[in-house]
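If you want the building blocks of each chain, they are given just below.
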Amino acid sequence: MNYPLRTIQEDGDAAHRSVLILDQTRLPLETTFVRLQTLADAAHAIRVMQVRGAPLIGATAAYGVALGLAEDIPLETVVATLAATRPTAVNLNWALERMARVLQKSAMTGWRELAWQEARAIAREDVAANAAIGQHGVEILKSIAAQKGRVEVMTHCNAGWLATVAHGTALAPIYAAQAAGLAAHVWVSETRPRNQGLLTAWELGEADVPHTFMVDNAAGLLMMQGRVDCVIVGADRIAANGDTANKVGTYLKALAARAHGVPFYVAAPISTIDFACPDGAHIPIEERAAEELGVAGMAVANPAFDVTPAGLITGIITERGIVPADQLASVKP
Ligand code: MRU
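Cut-offs applied
Residues numbered from 1 in each chain as written. Predicted model: local features only at pLDDT ≥ 70, side-chain atom pairs only at ≥ 80, totals over all residues. Heavy atoms only, no water. Helix = DSSP H or I, 4+ residues; strand = E, 2+ residues; numbered from the N terminus. Contact = heavy atoms within 4.5 Å. 1 Å grid on protein atoms, 1.4 Å probe; cavity = no way out; pocket = protein on both sides within 12 Å on 5 of 7 lines; lining within 4 Å. Points joined across faces, edges and corners; volume = space filled by probe spheres on them. Domains from an automatic or database assignment. Buried area = accessible area lost by both parts, 1.4 Å probe. Salt bridge = Lys/Arg side-chain N within 4 Å of Asp/Glu carboxyl O. Pairing = 2+ DSSP bridges. Axes fitted to C-alpha atoms, helices over the stretch in contact; angles between N-to-C directions. Near = heavy atom within 4 Å. Polar contact = N/O pair within 3.5 Å; in protein donor to acceptor, adjacent residues only side chain to side chain. Sits in = over half its atoms within 2 Å of the grid points. Nonpolar A, V, L, I, M, F, W, Y, C, P; charged D, E, K, R; others polar. Expected span 1.5 Å × (residues − 1). Phe/Tyr/Trp six-rings, centres within 6.5 Å; stacked < 30°, edge-to-face > 60°. Buried < 20%, exposed > 50% of the residue type's maximum accessible area, 1.4 Å probe, protein only. Lys NZ or Arg CZ within 6 Å of the ring centre and 35° of its normal. Parallel < 35°, antiparallel > 145°, perpendicular 65-115°, else oblique. Left-handed = near helix turned anticlockwise from the far one by under 90°.

1. Topic: the environment of A239
- In this structure, A239 sits in strand β8 (residues 237-239).
- Taking the C-alpha atoms as reference, A239 lies 17 Å from A254; in sequence the two are 15 residues apart.
- If near-sequence neighbours (up to four positions away) are discounted, A239 is found in contact with D274, C277, P278, D279, G280, I283 and L328.

2. Remarks on empty space enclosed by the protein
- Per the counting criterion, the structure on display carries 2 cavities of 30 Å³ or more.
- Roughly 170 Å³ of internal volume is contained in the largest cavity.
- Lining the largest cavity are 22 residues, with R52, G53, A54, N158 and D236 positioned closest to its centre.
- Listing elements by their share of the lining of the largest cavity, those giving two or more residues are α2 (54-70) and β9 (244-247).
- Here the lining of the largest cavity gets 3 residues from one element, more than from any other, and that element is α2.

3. Focus: the domain arrangement of the protein chain
- Looking at the assigned domains, one finds that the protein chain contains domain 1 (8-125) and domain 2 (136-331).
- Here domain 1 and domain 2 have C-alpha centroids that lie 25 Å from each other.
- Taken together, the 25 residues of domain 1 in the interface contact 29 residues of domain 2.
- Approximately 2,100 Å² of surface area, both sides summed, lies buried where domain 1 meets domain 2, with 59% of it carried by carbon and sulfur atoms.
- When the area that domain 1 buries against domain 2 is broken down by residue, the three leading residues are R52, T88 and V90, summing to 28%.
- The interface formed by domain 1 and domain 2 includes 1 salt bridge.
- Across the salt bridge formed by R86 and E286, the nearest N and O atoms sit 2.9 Å from each other.

4. Some points on the sheet that holds strand β1 (residues 8-11)
- Pairing is antiparallel in the open sheet, where 3 strands are placed in the order β1-β2-β3. The open sheet terminates on both sides in strands that have one partner only, identified here as β1 and β3 (33-36). Within the sheet, the average angular offset between the axes of one strand and its neighbour, ignoring direction, is 30 degrees.
- Bridge count for β1 against strand β2 (residues 18-22) is 4 bridges, and the pairing is antiparallel. Looking across to β2, one finds that Q9 is bridged to L20.

5. Quick word on the site of the ligand
- Lining the immediate environment of the ligand, one finds 18 residues, of which R52, R86, D236, N246 and K247 sit closest.
- N246 places a polar side-chain atom, nitrogen or oxygen, 2.7 Å from an oxygen atom of the ligand.
- Judged by the fraction of its atoms near the pocket grid, the ligand is located in the largest cavity.
- Counting only elements with at least two residues in the shell around the ligand, the list comes to α2 and β9.
- Looking at the shell around the ligand residue by residue, the classes come out as 8 nonpolar, 6 polar and 4 charged.
- Two domains share the shell around the ligand, each providing at least three of its residues, namely domain 1 (8-125) and domain 2 (136-331).

6. Some points on helix α5 (residues 111-148)
- Taking 1.5 Å per residue as the helical rise, α5 with its 38 residues ought to reach 56 Å, and the 55 Å between its terminal C-alpha atoms agrees with that figure.
- Backbone geometry just after α5 places G149 at a positive phi near 70 degrees.

7. Focus on the packing of aromatic side chains
- Enumeration over the complete set of coordinates arrives at 2 aromatic pairs.
- For the pair Y63 and W116, a centre-to-centre distance of 6.0 Å together with 50 degrees between the ring planes defines the contact as tilted. With Y63 in helix α2 and W116 in helix α5, this residue pair connects regions lying 53 residues apart in the sequence. Each member of the pair, Y63 as well as W116, carries the same accessibility label: buried.
- Ring centres of W161 and W202 lie 6.0 Å apart, and the angle between their planes is 45 degrees; this geometry places the pair in the tilted category. Here W161 is found in the loop between β4 (152-155) and α6 (172-179), whereas its partner W202 is found in helix α7 (residues 196-206), with 41 residues between them in sequence. Summarising the burial analysis for this pair, W161 and W202 share the class buried.
- Above the face of the F305 ring, K247 is positioned so that its terminal group lies 4.2 Å from the ring centre.

8. Observations concerning the packing of helix α1 (residues 39-47) against helix α3 (residues 75-83)
- Two elements in contact, α1 and α3, have axes separated by 9 Å at closest approach and are oriented at 20 degrees. For the element pair α1 / α3, the angle class is roughly parallel. In this structure, the crossing between α1 and α3 has a hand that is right-handed. Across the interface between the two elements, L39, A42, A43 and I46 of α1 pack against V78, T81 and L82 of α3.
- Looking at the contact of α1 with α3 residue by residue, the class counts come to 6 nonpolar, 1 polar and no charged.

9. As for the packing of α2 against α5
- Running from amino to carboxyl end, α2 crosses α5 at an angle of 170 degrees, the nearest separation of the two axes being 8 Å. On the basis of the axis angle, α2 is roughly antiparallel to α5. Here P55, A59, A62, Y63, A66, L67, L69 and A70 of α2 come into contact with α5, specifically with W111, R112, A115, W116, A119, R120, I122, A123 and D126.

In structure tokens, the structure reads:
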């Protein structure tokens, strides 16, 4: 497989550390790396979606804490600045809370080095969790192949390696299938208005995974025609009851999947489960600018995410196995 670089990596030595990120606003046309040197750089990268996808946002926030402390900015300011960047992906808050908890347990004199270590651990654990998601998820694809002699997966947005530190969430089982010699074809929806489907098509193309780019609204027709064996999407925040926020349009795919008897899976690390959030109604939904729709002078609704009720989800593929959406307590850390 023509497998990619990591989306985020450290650079420099202990005296001058920085963080390199792959600029997703330039993809798929250009593969450009951006150097984050300050807290402001990290916050900007998350806000303008140079980095995106819940797990990668979490890892970037963790490195943002290390960068902020290296500038001698107080921890509370660092955390507040990063927390204000994007509201829905809970990995952001999860990473910030973990960083603050670990730092506050130790003497302030060691904070700078400790912050780098912990950010590194968060990134490393994301890679391991996503690899495990791939191994659990591939069993679903193997069983479809055994029953149908083909594997047709539909996904939405980008939940591939670009949305994480490596491997991806929803695409991890696809890559694991490819590594196991199992050919799967992926239906990739364009994901208006930010077109993250182009990122998915790009990374699948780089990895030589067969795929077809489709307009968002074709999902129902393709399922009705029997051309989809399962749907696998990622998640930005999963409430304790299994209701799942993911890129807007996910809910409509889940409804169509239920109508046509197509299994609908969510793939996400346990860091995306917000056990303090009781249900989907309590998940903050990011409302984005009208400019993203290319219009001006009219009322616009541009919610970046929607919520799929737990009852429409066949299972949640985590690093600890595939869990029914209403039984998340079984994987609570
Ligand atoms: O707004 P984005 O691009 O950061 O949102 C990302 C998503 O919603 C993806 O669908 C993904 O499934 C969640 S992160 C793996």
